[in-house]
Amino acid sequence: MISNKPVLGFIGIGLMGKPMTLRLLNAGFKMYVWNRSPEKLQSVTEAGAIACASVAELVKAVDVIILCLADTEAVEVVVNNGIANYGSSGKLVIDLSSIHPETTRQLAAYLQRQCGMGWVDAPVSGGVAGAEQGNLAIMAGGSDHDIEIARQVLMPLYRQLTHMGEVGSGQVTKICNQMIVSCNVLVIAEMMALAEKSGVDAAKIPAALAGGFADSKPLQIVGAEMAAGTFEPVKWRVKTLLKDLNMAVDISKQQGNAIPMSGLATQLLQLHGSSGYLEQDPATLIKLYSKTHA
């Protein structure tokens, strides 16, 4: 039975994991942390988190394990090589990572068989700023019981948490989110490059379109960065969008759906990434179109 103030374990102290861990600590949770690169733990241990030498040590000490990892493979490794071997009935995994829905279902079923643990897939939207401010949008899949625990545990992190259905449905919803975001950012980059080549002050475009039908958060945030040529610090990465779009393409093939816009976005992001921008901010996509139209 998980208490009203469960002990938390956080695995993955990266761009998103760090601010989320700090907010959970500030909310009064006792927290254990583990990261593949231990040097990244300093900022959260200084704030009160307890560093663990292994995933096994963390799993044994906590009630709820929160994952925020880079990709499907990273989650599989942590689950198969640590959580499954040391978990126990009544504990819960909340996975904030964006990974393949089918793998999510398989891992959740495996943990349930292996040690009786529950699973909530709860990928987030809102970026580093949303994590820092506690206004993320979370789309979650899992049982009603486990979702209620996730609502309480993650409350310091979100503006809204929507229960989308059974395990895996949160991941599908996040992929849908990324289809919209990716296509939006790509057309913003294309538009900004065209405006610049046409002699328009592209820096004025976000303000000029604010409140109109073409307005969006990506336009106001990424559009301004593109116009200013501000690509540092990296707040999210081209490879993250590409990873999620590749999953969209895979799911569409399985379901027999046509996703031509997202398919083209995948190809363009792959082209940009192959030019050395995989680890860079998506605002750099304006360089793709500046080259194209030069």
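Going along each chain's sequence as written, the residues are numbered from 1 onward. In keeping with the model being predicted, local features are shown solely for residues with a pLDDT of at least 70 and side-chain atom pairs are shown and tallied solely at 80 or more, while totals for entire chains, interfaces and linings include all residues. Hydrogens and waters are ignored; side-chain quantities use all the structure's heavy atoms.

## Describing the overall build of the protein chain
Inclusion rule: To qualify as a helix, a DSSP run of H or I must reach at least 4 residues; to qualify as a strand, a run of E must reach at least 2; elements of each kind are numbered from the N terminus. Two things to know: the radius of gyration comes from C-alpha atoms, and the globule rule equals 2.2 Å times the number of residues to the power 0.38. Here the term buried applies to any residue with accessible area under 20% of the maximum for its type, exposed to any over 50%, and partly exposed to those in between, with areas from a 1.4 Å probe on protein chains only. By definition, residues are in contact when any of their heavy atoms lie within 4.5 Å. To measure how exposed things are, a 1.4 Å probe is used in the Shrake-Rupley method; for residues, cover is taken only from the protein chains shown. Positive charges come from Lys and Arg, negative ones from Asp and Glu, while His and the chain ends are left out of the count. Where a charge lies is defined by one atom per residue type, namely NZ (Lys), CZ (Arg), CG (Asp) and CD (Glu).
Check the secondary structure of the protein chain and you find 13 helices and nine strands. A compact globule built from 294 residues would reach a C-alpha radius of gyration of about 19 Å, and the protein chain, at 20 Å, matches this within 12%. The dimensions of the protein chain, computed from C-alpha atoms along their principal axes, are 65 × 45 × 35 Å. By residue count, 50% of the 294 residues in the protein chain fall in the buried class. Excluding contacts between residues fewer than 6 apart, the proportion of contacts in the protein chain whose partners are at least 24 apart in sequence is 67%. Accessible surface for the protein chain amounts to roughly 13,500 Å². Of this, 54% is attributable to carbon and sulfur atoms. Where the 23 positive side-chain charges of the protein chain centre and where its 25 negative ones centre are 3 Å apart.

## Observations regarding the nonpolar core
For the record, the criterion: In this description, a nonpolar core means a group of buried Ala, Val, Leu, Ile, Met, Phe, Trp, Tyr and Cys residues linked to one another through side-chain atoms lying within 4.5 Å.
Residues Phe10, Met20, Ile66, Ile94, Leu96 and Leu154 are the most contacted members of the largest nonpolar core, which totals 35 residues. The element best represented in this core is helix H7 (residues 144–154), accounting for five residues. Every residue in contact with phenylalanine 10, bar those within four places of it in the chain, is listed here: Gly17, Met20, Thr21, Leu24, Met31, Tyr32, Val33, Trp34, Leu58, Ile66, Cys68 and Leu96.

## Re helix H10 (residues 217–228)
Rules: Helices are assigned an expected span. That span is 1.5 Å times one less than the residue count. Summarising the geometry, the arc corresponds to the directions from the helix axis toward the C-beta atoms. Definition of a polar contact: a pair of N or O atoms within 3.5 Å, with one able to donate and the other able to accept a hydrogen when the atoms are protein atoms, and with sequence-neighbouring residues admitted only if both atoms are side-chain atoms.
For H10, with 12 residues, the first-to-last C-alpha span of 17 Å sits near the 16 Å given by 1.5 Å per residue. For H10, the complete set of buried residues consists of Pro218, Leu219, Val222, Gly223, Glu225 and Met226. Projected down its long axis, H10 shows its buried positions confined to an angular sector of 160°, all on one face. Exposed and facing more than 90 degrees away from the buried side of H10 are Lys217 and Ala228. A side-chain oxygen of the first residue of H10 lies 3.1 Å from the backbone nitrogen of leucine 219; this N-cap is serine 216.

## Structural notes on the pattern of salt bridges
When charged atoms on two side chains of opposite charge get close, those side chains can pair. The condition is simple: Each salt bridge in this description consists of a side-chain nitrogen of Lys or Arg and a carboxyl oxygen of Asp or Glu lying within 4 Å of one another.
According to the stated counting rule, one finds seven salt bridges in the structure shown. One salt bridge in this structure joins arginine 151 and glutamate 148, with 3.3 Å as the shortest N-O distance. Of the two residues, arginine 151 and glutamate 148 are both situated in helix H7; the distance of three residues between them amounts to about one turn of the helix. Of the residues examined, arginine 151 reaches a relative accessible area of 23% and is grouped as partly exposed. For glutamate 148, a relative accessible area of 44% gives the class partly exposed. Among the ionic pairs, glutamate 279 bridges to arginine 237, the shortest N-O distance being 3.2 Å. Placement of glutamate 279 in the loop between helix H12 (260–277) and helix H13 (285–292) and of arginine 237 in the loop between H10 and helix H11 (238–255) is noted, with a sequence separation of 42 residues between them. By relative accessible area, arginine 237 is classed as partly exposed at 27%. If you follow the salt bridges from partner to partner, you end up with Glu225, Lys235 and Asp281 in one network.

## Looking at the side chain of serine 169
The topology assignment puts serine 169 in helix H8 (residues 169–197). Here serine 169 falls in the buried class, since its relative accessible area comes to 17%. For serine 169, the side chain forms a polar contact with the main-chain nitrogen of glycine 165, separated by 3.2 Å. Setting aside residues no more than four positions away along its own chain, serine 169 makes contact with Asp121, Ala140, Gly141 and Met164.

## Brief notes about the state of the cysteines
Here is the rule: Counting rule for disulfides: a pair of cysteine sulfur atoms within 2.5 Å.
This model, assessed by the stated rule, comprises zero disulfides. Cysteine 176 carries a free sulfur, and the closest cysteine sulfur to it, the one in cysteine 183, is 12 Å from it.

## Observations regarding the packing of H8 against H11
Short version of the rule: Working convention: axes come from line fits to C-alpha atoms, limited for helices to the stretch in contact. Angles between N-to-C directions cover 0 to 180 degrees. Rotating anticlockwise by less than a right angle from the far helix to the near helix defines a left-handed crossing, while the corresponding clockwise rotation defines a right-handed one. Charged residues are taken to be Asp, Glu, Lys and Arg, nonpolar residues to be Ala, Val, Leu, Ile, Met, Phe, Trp, Tyr, Cys and Pro, and polar residues to be all remaining types, Gly included.
In contact at an axis separation of 9 Å, H8 and H11 are set at 115° when each is read in the N-to-C sense. Every pair of crossing elements has a handedness; the one defined by H8 and H11 is left-handed. Residues Ile175, Gln178, Met179, Val181 and Ser182 of H8 lie in contact with H11, whose contacting residues are Leu241, Asp244, Leu245, Met247, Ala248 and Ile251. Residues of the contact of H8 with H11, tallied by class, amount to eight nonpolar, two polar and one charged.

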